[in-house]
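So you can see what is in the structure, the chains are spelled out below.
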Amino acid sequence: MLDVCLLGTAGMMPLPYRYLTSLMTRYNGSSLLIDCGEATQIAVKKAGWSFHPIDVICITHFHADHVSGLPGLLLTMGNAQRTEPLTMIGPKGLTRVVSALRVIAPELPFEIQCVEIEGQKQEFDLHGYHLTAFQVNHNILCYGYTIEIRRQGRFLVEKAQELGIPKNAWNMLQKGQNVESKGRLYTPDMVMGPPRKGIKVAYCTDTRPTESLVKNASHSDLFICEGMYAEKEKLEKAKQYKHMTFYEAAQVAKDAQAEQMWLTHFSPSLVRAEDYMPKVRKIFQNAHLGKDGKMAVLNFE
């Protein structure tokens, strides 16, 4: 299963009732964070989650509301006696930005490994997560992310017995390793069924609707998408600053055939956001308003 927590839902500036946008997931003892705006640490504490297991931090882009909480978070992780390396993924320039932010967090007991995304799309396999970074359309270089927990096929015991494969080789074959025994080579495809449906979360803020967003969010179990503006008269403003309205996000979710959508990254001027949701649900029925601390547990079928 994959635990998901929407730590903050504000765009541009934190508010007393909205922290800046950030997402955290937990899987098999490893946590992943997307963006780290101001107040992320408070949001993690309020959720009752821990900083120590964060192994991967993904950055969508380098606007301050998405990275301003990073130095403090790194210091807290260091003070928690973390020594394992931390992987950070983000757009070109990540190493420079992290180095600049670390001027106020210079001494850490762990190594930071910065990985700068190459091109419009790149995939990563880390700590059981299969990540895809894909470029979107903001006024600076910006990426969305999908988080997948892939699930291999079943081990076909009858097939293994039929082929006479020694039982002490079964575990290695399940792990994708070839095994040689008594002059015979056994490969995983001989005893593994087709891949089963895994878990997929798509996350994107700060963009206009794009084909890449629809494609990468396709058939996601949970699609978390920015809805900067809800007022229909603010469509032109959304276009000008390259953001989305609630209704555009709902159309993306519908086109992507997502299972459900959470809206996030709200403008500071947005009040009574729930009032707009009936019209949103006319476009995409399983749409929900994101709230700070909103959680879900996604299970395998």
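Before any of the text, the structure's been laid out above.
Below is a summary of the structure that appears in this document. (Residues numbered from 1 in each chain as written. Predicted model: local features only at pLDDT ≥ 70, side-chain atom pairs only at ≥ 80, totals over all residues. Heavy atoms only, no water.)

## Quick notes on the nonpolar core
Membership of the largest hydrophobic core comes to 30 residues, with the highest contact counts inside it found for Phe-223, Phe-246, Met-261, Leu-263 and Val-280. Of all the elements in the fold, those that place two or more residues in this core are β12 (196–204), α7 (211–216), β13 (222–226), α9 (246–256), β14 (261–264), α10 (277–283) and β15 (287–289). Counting residues per element, this core draws most heavily on α9, which supplies seven residues. Aside from chain neighbours lying at most four places away, what touches Leu-263 is Leu-6, Cys-225, Glu-226, Gly-227, Phe-246, Ala-249, Met-277, Val-280, His-288, Leu-289 and Gly-290. (Core = buried A, V, L, I, M, F, W, Y, C linked by side-chain atoms within 4.5 Å. Buried < 20%, exposed > 50% of the residue type's maximum accessible area, 1.4 Å probe, protein only. Helix = DSSP H or I, 4+ residues; strand = E, 2+ residues; numbered from the N terminus. Contact = heavy atoms within 4.5 Å.)

## A closer look at α9
The element α9 is largely enclosed, with a buried count of eight among its eleven residues. Elements that come into contact with the buried residues of α9 comprise α7, β13, α8 (235–241), β14, α10 and β15. Following α9 by one or two positions, Gln-257 adopts a phi angle in the positive range, close to 55°.

## Quick look at the packing of aromatic side chains
Overall, the coordinates contain four aromatic pairs when judged by the stated rule. Here the aromatic rings of Phe-155 and Trp-170 are separated by 5.3 Å at their centres, their planes lie at 45°, and the arrangement is tilted. Separated by 15 residues along the polypeptide, Phe-155 in the loop between β9 (143–151) and α5 (157–162) and Trp-170 in helix α6 (residues 170–174) bring together distant segments of the chain. Accessibility expressed as a relative area gives 15% for Phe-155, which makes it buried. Note on Trp-170: relative accessible area 14%, which makes it buried. Plain terms: the ring middles of Phe-246 and Phe-266 are 5.8 Å apart, the flat faces sit at 50° to each other, and that makes the pair tilted. On the criterion of sequence distance, the pair formed by Phe-246 in helix α9 and Phe-266 in the loop between β14 and α10 is long-range, its members being 20 residues apart. Judged by relative accessible area, Phe-246 falls into the buried class, the value being 0%. A relative accessible area of 3% places Phe-266 in the buried class. Put simply, the rings of Phe-246, Phe-266 and Tyr-276 touch in pairs and so form one group of aromatic residues. (Phe/Tyr/Trp six-rings, centres within 6.5 Å; stacked < 30°, edge-to-face > 60°.)

## Quick word on the pairing of strand β2 (residues 22–27)
By the criterion of burial, β2 is predominantly enclosed, with five of the six residues buried. Bridging between strand β1 (residues 2–8) and β2 involves five bridges; their strand directions are antiparallel. Paired with Cys-5 across the bridge in β2 is Met-24. The pairing of β2 with strand β3 (residues 30–34) spans five bridges and is antiparallel. Note on β3: the bridge partner recorded for Tyr-27 is Ser-30. Taking the residues that link successive antiparallel strands as the turn, the β2-β3 hairpin has two residues, and the phi of Asn-28 there is positive, at about 55°. (Pairing = 2+ DSSP bridges.)

## A word on the pattern of salt bridges
A side chain with one charge may pair with a side chain of the opposite charge, provided their charged atoms come close. Taken as a whole and assessed by the stated rule, the structure comprises ten salt bridges. In this structure, Glu-231 engages Lys-234 in a salt bridge whose closest nitrogen and oxygen atoms are separated by 3.6 Å. Glu-231 gets classed as buried once you look at its relative accessible area, which sits at 12%. Between Arg-281 and Glu-274 there is a salt bridge, with the nearest N and O atoms lying 3.8 Å from each other. Judged by relative accessible area, which is 31%, Arg-281 ranks as partly exposed. (Salt bridge = Lys/Arg side-chain N within 4 Å of Asp/Glu carboxyl O.)

## What to know about the sheet that holds β3
Here we have seven strands laid out as an open sheet, ordered β6-β5-β4-β3-β2-β1-β16, and mixed in their pairing. Strands at the two margins of the open sheet, each flanked by one partner only, are β6 (112–116) and β16 (294–298). On average, each strand axis in the sheet is tilted by 15° relative to the strand beside it, whichever way the strands run. Across five bridges, the pairing between β1 and β16 is antiparallel. Residue pairing for β16: Leu-2 is matched across the bridge by Leu-298. Packing of helix α1 (residues 40–47) onto the sheet brings it into contact with β1, β2, β3 and β16, and relative to β1 it is tilted by some 130°. In the packing of helix α3 (residues 70–79) onto the sheet, contacts are made with β3, β4 (54–58), β5 (86–90) and β6, and the angle to β4 comes to roughly 170°. (Axes fitted to C-alpha atoms, helices over the stretch in contact; angles between N-to-C directions.)

## Examining unusual backbone geometry
The phi torsion at His-219 lies on the positive side, around 55°, for a residue other than glycine. Residue position: His-219 is located in the loop between α7 and β13. The phi torsion at Gln-257 lies on the positive side, around 55°, for a residue other than glycine. By secondary structure assignment, the location of Gln-257 is in the loop between α9 and β14.

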